[in-house]
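Each chain, letter by letter, is given below.
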Amino acid sequence: MTFESYCSPPEAPVFYPTYDEFADPLEYIEKIRPIASRAGLCKVIPPKEWQPPFCVNVDEFRFTPRIQRINELEAGTRTKIKFYERLTKLFDSQGIKLKNPTVEKEVLDLAKLHKIVKDEGGYDMCCSQKKWANVAKKMDFHDTQTSRVLKQHYEKLLLSYDVYETGIYEEHTEISNSNDSKKAESNGTMKNGNKRKDSSPSTSTNNIDPFANFICKSCTRGDDDNYLLICDICDNCYHTYCLIPALTEIPRGQWRCPKCVAQLYHSATPSDAYGFEQSPKEYTLGEFGEMADEFKRNYFNKPLSEITCDDVEQEFWRILSLPDASVKVEYGADLQTGELGSGFPTTRTKDLTENDKKYLNSPWNLNNFACHYKSVLRYINADISGMKVPWAYVGMCFSCFCWHVEDHWSYSINYLHWGEPKTWYGVPGSSAEKLENCMKSYAPDLFDKTPDLLHHLVTIMNPSVLLRGGVPVVKTHQQAGEFVITFPRAYHAGFNHGFNFAEANNFCPADWLPMGRCAIDHYKEVKRYSVFSHDELICKLASECQYLDPAIGDATKFELDYIVQQEKNSRKSAYDQGAIDGDRVCFELMPDDERQCDACKTTCFLSAVSCLCKPNVLVCINHIDQLCSCSPRKYCLWYRYTLNEMGDMLDALRERLNLCQNWKLLVNRLISTDQQNLIDFNDIEKHTTSGALCLRDDIRVKMEEKLTEAAECRKLAKNFLKRITCKDEPMEISTEDGTNKKKKILDNENKVTLNEINQLKTRIKSLGITFNEMKTIQDILTNCLSYQDEIKNLLQSEKLQTPDIYSNYIERSDQYQIELPIIERLKLFYQASIWYELVQKTINRMIPPSKLRSLITSGQAFQTLHHQIQQQINELQVQLQQLEFWDEKCRQLTKEEPRPTLNTLEEFIKTADEANIHLSSIDKIRTLIVDCHGWNEKFEQMQQGEHYPFLSSYEQLYEQARHFHIDLEPLKLIEQTILQARTWLDKAQAVFRRPDSMLTLIEMITPRVSVAPKTTTKKRQASKRTTGDGPINESIGILDDTIAKVLSSDENDPETVYKVYREATRKEIECLNELREHNQKKRLDSSSTYCICEKPYSEIMLQCDLCNEYYHRHCLPYHGTDANTSVWWICDFCIRSRRPRLQDVVKLLANLQKLTVRLPEGEILQCLTERAITWQEKAEAFLASPILRELSTVKAENRNFKQEEFINDPTKSQARSLESESSRPLNNLAESQLETLLIEGGLLEIYVDQIKLLTKLVNSSRRSNLLSDKPKATRIQQGDKNKSNTIRKRKSYEIIAKTEKTIRRKRSRKSFLPDQRSSDSQLGSAAPVVYVSSMTDIQQTLGKSSPTPDVDHDNNPLLISDDENEQTKKVNVLGSGEDECAVDGGACLKPSGSSIKWVCCDACERWFHLVCVGLTSVKKKEEFKCTRCKQASLTSSTSTPTIALTS
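Residues numbered from 1 in each chain as written. Predicted model: local features only at pLDDT ≥ 70, side-chain atom pairs only at ≥ 80, totals over all residues. Heavy atoms only, no water.

Draft legend 1. Broad picture of the packing of helix 18 (residues 513–526) against helix 20 (residues 550–577). At a minimum axis separation of 9 Å, helix 18 and helix 20 run at an interaxial angle of 35°. Taken together, the residues of helix 20 that come into contact with helix 18 (itself represented by Leu513, Pro514 and Arg517) are Ile552, Ala555, Thr556, Glu559, Tyr562 and Ile563. For the contact of helix 18 with helix 20, a count of residues per class yields 6 nonpolar, 1 polar and 2 charged. (Axes fitted to C-alpha atoms, helices over the stretch in contact; angles between N-to-C directions. Helix = DSSP H or I, 4+ residues; strand = E, 2+ residues; numbered from the N terminus. Contact = heavy atoms within 4.5 Å. Nonpolar A, V, L, I, M, F, W, Y, C, P; charged D, E, K, R; others polar.)

Here is the structure:
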C-alpha cells in the first residue's frame, strides 16, 4: 500500500528583536505584522538577556494526558480506515470475509480505487465512457489488461458498497415491512424458519397456494425458480438478476437478502465521531519524561542524541500516511496553569530570587500578556482558560496538534520553556478558505458527516497535499526559549520531537476586532458556540472609552457603529413582525449556556427573543423566525440597552475620539520644529482638564512628556523669580571690638546664574510654551546685563586699578540676585591688585627663596589678567632662578658621590658670601665645615696619645664621618685599620670558639668571679638574671666586669689592665675553690642533688676534677662510656673554648702587634697568655722537684707486686698496705701540689703541653688511693670489674705481639684526623685513653725540650692515663674482641686483603670496616658517627656533653 510522500514547506519568518524592541510585545508584533501575517505564523527569538526561570513545581505538577493514535489523525488516512471498516462490515453482514485482491503483484488499494472511480463520475460513467483505462493510469498501473481487472474487482467488491451506501435497500426494507405487516394481518400467516406455515387450522380447506409467498420482492414474480434465491434470515426471495448489482451465479453457503444485509450493515457501522480518549494513568513531569524518552529511544532504536529533527519529521508524516501503521502516543494538552502552575513566575510562586522577580511583571510573561493595555481581552472580566489564562502543553515524540484556528480567530503566542523542538506548520488567514476547501475535497466523506470537523482539532493533513492544492504553507522548528506567534484565522498544526514543556495564550490587539466580528458570523453559520460575546466586549470597550488606547478606540467606534446599525434594523424587523418589548436584562450576569441562541448557538447580549410556549429558550434577534410556530405577537424582545442609550454610547465614543484628535493636533503643533509662536501654558491646561490625556498612544506619550517638562519649566521659572526678587536681610554679628553690627550675609548658592536662565529660555523655546513668570525674569535680566557691560569696560582698562575701585563694583553685584560669571573675574582683579601692592612693598627687601616662590605661585593665578602683573612675575622669576642656581650647586656639593673635599666646601662658601646669597642649604654647609674641623681635631688628639686608641673609638669616629658625606683624609686610614682589626677578631674567634658555641671571645677568655653550682643551671635557663658582679651566662657563670670597665677607656695603659686581670684571676681561683668545697660537702648531706638533672646520688657517677661536681653517666652524651674512671676528667661546664695550643695563641698575638689600634679581646688575650706562660714555668719547676722522684720510687715498688698475689693472698695485700703507709705523707704533699697545678691549669683557656705530663702523674697517684673517696671507689669497682674481665679473657703474649701492629694501625687512623676532631666533632667526645707504664716515661718526656711532633694531640682537652694502663687497655681491647667490626647485630661483611680499611666513631670510638658502614674513604676534617651514637645524640639533647683533658 502506498503512502503520501512528504515535501518540506518553506521556512516561516524568524525575528530577532533588540533589547529595546523587546520591551513592549504588542508594539513589536504590530511592527512585524505586515510581514509575519502573510505567512500565518512567525518565530520570535528573545534577546540573550531574557532568561526567565522555570517555576513549575515538578513534584506537584500531575496531569492526565490524552491518547493519540497517530495514523488516525490524517484526513486521508482516516477516510481510508473508515472506508475499510464499512466495507468489511458490509461483507461481514453478507456472511462473506473480505479479501483484498492483488493486481500486478501489489495489494489493491480498494479505498483509492473507489475514490478515483467516484471522482470519474461513478461506476456507470466509467463503464459508459470507457474510463477504466484512465482509472488504471491514476492507480499507477501500466498493464493494458489491468483496467479490465480493476472493473471486475470493482463489480465484485465495491459496487454493492455503493448500492448500500445510497440507502436504496433501507427504503425497500421500510416499504416491504409495511406491506408484509398488512399481509400478515389479512392472511394471518407468520414466518417459521425457512418455511411458511398456515397458523389457522382451516388452511388445507381454503385451497391456498403454498408457493404464493415464493415470489421475487423486486419484480413481484414467482417464475424462473432457478434464479430465485431465498434469504436465510427472513425467507424473502429475489431473482439473481433482480439484485443490484445482479449476481452472475448462485452463491454458495448461506445467503442474505439485501434488506437483511442493509439492516446488519447500518447497525454495525461505527459512528463517524472521533476524538481523543484520556489516558488511564496520571503522570508527574518526571514520570512522563521517562516514558517519553524511553518510547523515542526504543522506536528509533538509537540514542536520543543521534536522532535528528529531519528523522522525526519524515517518520511522523510516514506514519500518518499508512492506515495500518499503529502508533499510539500521549499528549498533555490544554493543561490549566491556574490549577497546576505556570512555567512563568506568578504571585503564587515561592522563593523567587531578585533576578527572577523582574520576570514577574514582564509583558512577555504569558500570564500578563492578555492583560496588556493594548489587548482588548483585558476588558473581559472572566478568566477564560486558554485565552486569558495560559494553557500548558507537555509533549512527547509524535504527539501533535491538528489543523485549527484559534477561538474567535484571535492571535496566539506559544513559548517553549525547555525540551526538544516543536515543529509548526502555518497557513495565512487569507488562505484559510483554501485550506478548508482542500481538506474537504481530500476527505469529503469526513466533512459530509461532520461539517465542523476542523473545529474538533482531530484532523491533520500532509502539508504536501495542501501545497499541491495551492495552499501556502510555512514551517518552523521552535527551540527551547523561543516564541511562536500565530495571526488571526491562521490555520496551524504541528508535532513534538520529544519530551518538552510549552505554554500558550491568546491576545487580541485593536486590529483583531474586525476579525472577531467575522469569526462570530462564521460561528453562526456552522452553529458553533462562542467563548464570549463579541457585542458585550464592544459595549464594554465603549463604556470605558476614556481609558482606551486610541487604536482600540478607533476600532471600537467602527464596530459599535456597525452593531448599533444592525441592532436598529433587527429590532425594527422584530417589531414589524409583532414582537413586543420586554424588560431590560443584564445578560452579562447570566451564565453563557442560558443566553445562547437556540438556532445559531451565539451568545446573546444586546437583545434576545423568547416565547411563552418555550420560556427557557432564547433566540437572537436575527433568528426570530426559528423560535417556534407561535404567532410573533406572542414573542417578547429582551434588551440590554435601548436604542437611544446605544446612540448615546456611540456619540460619547465619537466625542471622546474627536477630543483625542484635537488633542493630537495640539500636540503635533507643540512637537513641530517651527516654534515661532509660543503657546501659553494656561491654554494647555484647559485641554488637560478634559481628560484627553487618558488615551494611550504615541501622541499621548509625547504630550505627557511635553506637559511634564513644561510643568518642570514653570516650576523652575517660579523658583528663579523667587530667588531673584528675594533680598538679603542684614544680620547682627559681633565684631572684634565687642560691638554688634548689622552686615549682609551673602548667599551665593541662592543666586541664579545666567546659564540657568539661558537654559530655561532654550527649553521653553523648544517646548513652544511660555509663562508669565518668564516675562518678569526677562526684565530683571535686562538691567543685570547693563551692569555687566560696565564691568567689562572696567576690566579692559590699560592700567590696573586700586583694590577700592574693584571692591565698589563687587558690592553693587549684591543688588542683583543673578550670578554673573564676570563677577568672579572682577574678584580676581581685586585679588590681583592686592597682590600687586604687596609685591611693591616687599620687592626692595631681602626675600627668602621660599617666600619669593610663594609670591610667584600666588601671582601666577593673575598673570593672564593684566600685563603689569605679568611683568612683575617675570622679575620675581629672574630673582628666583638666581637663588635656585646656588641651591642646585649646594645640592651637587652635598650629594654622596663623588664626595667633596673640605677645601672645596670652604671655597664655595667664600664665593656665596661674595655674591651675597642667603640660603638655608648654604648655612648647612657652613655648619658641616665646622663639624669637620672638629672631627679632624679629635682624630689628631687620638693619634697623639701615648697608647693606641681602642677599636670602639675608631668606629665611633668612622660612623660620625660617614654622616658628613665629605672626603676627609684620615677616613681611609681609619677604615683600613677597622677592617684589619675585625679580621684579627674573626681569626681569634675561630681559634677559640667550639663548634655550636654562641660565646664571644670576651666571654671565653675573661676570668669568672662566680661559677654557680651546676644544679642551678635549669633555673637559670628558665629565668636569666643579672647581679652586680657582671653578666650571667648559663654555661660559664658570672664574668668579671672590672676588666671591661678598664678597657672602655683609651687612657688606661696595659699595665693597669694586667693588674686588673691578675686580681680577676685571683677571684676566679677563690671562686673555684669555694665551689669545690661546696660540691665536696654535698656528699655529707643525703638530701643533696647532683648532675644537670638535679637528682640524688647513685653508684654509677662521674666527678669533675675541676669543680668536684658529680654527674650520672646516662645524663652525659653517650652515657659517659668514653670517660675512664681513673682519668683526670673535666666537665663541659668548666670549659668555655677549644683551648688552642699556646704556640697558636702566640701567633695570634704576633699578628695583633701589627695593628695600630687596641682591642679589648687582644688585651685580655695578652694577659691570658702571660698567665699561661707563668703556669708553664711553675709546672716545669714542679716536674723537676725532688718530691717527684720519691713519688716515682714508691709507685715503682707498688707496681712490682703482682695482681694475683693480692687476689689470692689477703695477708700479702695487708702487708703491702702497711708498707705504703710509711710513704703516704710524702705522696699527699706531692699530690696536693699536683692537684693545685692542675686546677690552675684547668682554668686556663689555652692548652699547655705540661698538662699532659701532670695528668699522667695524677693518674699514677690515684691508682694507689682508689679507696680514699667514694666516687673514686666507684671508679675502682668499675675498673676492677673490667680488670677481672680482662684477666679471664687475657690471651697469651704471643697473641698480643701479633695483634700489637693492628692496634697501632687503628690508633694511627685516629691520629691522622686531629683537625677534624678538634674543629668539627661534637663537643664532649673523648679521645682514646693512653696509659703510662712507669715514671721512666715521665722522666724521658721531661728530658725532651719540646713535645715530639708525632704526639697524638687534639685541640680539645682529652682524658689522659699512663702507659701501663695503655698496655692494659690493649689487652682489654683484644680480650673484648675489638679486632672484630663493631657493626650491630653481627652484620659484618668480613672483608679480606686490601679491602680491610677501618674507621673510628668520633663519639664512642668503636672501630668499623669502611665497607660495613657503607663508606669507601674518609676525608680529612670529616666527622664520622655510628648509627648508635647518632640516635643517642638525638635522645640526649638535654644532656651536657663531657670534656676530658688530654694531650
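Draft legend 2. How the structure looks around helix 33 (residues 970–992). Here helix 33 is 23 residues long and its end C-alpha atoms lie 33 Å apart, about the 33 Å a rise of 1.5 Å per residue gives. Along helix 33, the residues classified as buried are Pro970, Leu971, Ile974, Thr977, Ile978, Ala981, Trp984, Leu985, Ala988, Gln989 and Phe992. Packed against the buried residues of helix 33 are helix 31 (920–943), helix 32 (951–962), helix 34 (1001–1005), helix 38 (1142–1152) and helix 39 (1160–1183). (Expected span 1.5 Å × (residues − 1). Buried < 20%, exposed > 50% of the residue type's maximum accessible area, 1.4 Å probe, protein only.)

Draft legend 3. Layout of the packing of aromatic side chains. All chains considered together, the criterion is met by 48 aromatic pairs. The interplanar angle of 65° and the centroid separation of 6.3 Å between the aromatic rings of Phe605 and Tyr641 together place this pair among those described as edge-to-face. Of this pair, Phe605 sits in the loop between strand 22 (580–584) and strand 23 (607–611) while Tyr641 sits in the loop between strand 25 (635–639) and helix 21 (643–671), and the two are 36 residues apart along the sequence. For Tyr641, a relative accessible area of 15% gives the class buried. Taken together, the ring pairs in this structure connect Phe22, Trp50, Phe344, Tyr359, Trp364, Phe369, Tyr411, Tyr415, Phe483, Phe487 and Phe507 into an aromatic cluster. (Phe/Tyr/Trp six-rings, centres within 6.5 Å; stacked < 30°, edge-to-face > 60°.)

Draft legend 4. Up close: the pattern of salt bridges. Tallying each qualifying case throughout the model produces 49 salt bridges. A salt bridge links Arg62 to Glu282; the nearest nitrogen and oxygen atoms lie 3.4 Å apart. Of this pair, Arg62 sits in strand 3 (residues 62–63) while Glu282 sits in the loop between strand 11 (277–278) and strand 12 (283–284), placing them 220 residues apart in sequence. Classification of Arg62 by relative accessible area gives partly exposed; the value is 35%. The partner of Lys357 in a salt bridge is Glu354, and the shortest N-O contact between them spans 3.5 Å. With Lys357 and Glu354 both in helix 13 (residues 354–357) and 3 residues apart, this pair spans about one turn of that helix. Shared partners join several salt bridges into a network, and the residues in it are Glu1068, Arg1136, Arg1139, Arg1171 and Glu1245. (Salt bridge = Lys/Arg side-chain N within 4 Å of Asp/Glu carboxyl O.)

Draft legend 5. Here's a closer look at the sheet that holds strand 20 (residues 491–496). Ordered by their spatial adjacency, 4 strands build an open sheet running 15-20-17-18, and the pairing between neighbours is antiparallel. Both outer strands of the open sheet, strand 15 (400–404) and strand 18 (474–478), are each paired with one neighbouring strand and no more. For this sheet, the mean angle separating the axes of adjacent strands, direction not counted, is 15°. For strand 15 and strand 20, the ladder comprises 3 bridges, and the chain directions are antiparallel. Looking at strand 20, one finds that Cys400 is bridged to Phe495. On the sheet, helix 11 (residues 309–321) packs against strand 15, strand 17 (422–427), strand 18 and strand 20 and is oriented at approximately 115° with respect to strand 20. (Pairing = 2+ DSSP bridges.)

Draft legend 6. Expanded view of the pairing of strand 13 (residues 328–336). By the bridge criterion, 4 bridges tie strand 4 (residues 66–69) to strand 13 in an arrangement that is antiparallel. Residue pairing for strand 13: Arg66 is matched across the bridge by Tyr331. Pairing between strand 13 and strand 14 (residues 391–395): 3 bridges, direction antiparallel. Following the sheet pairing, Gln336 is matched in strand 14 by Trp391.

Structural measurements only, silent on function.
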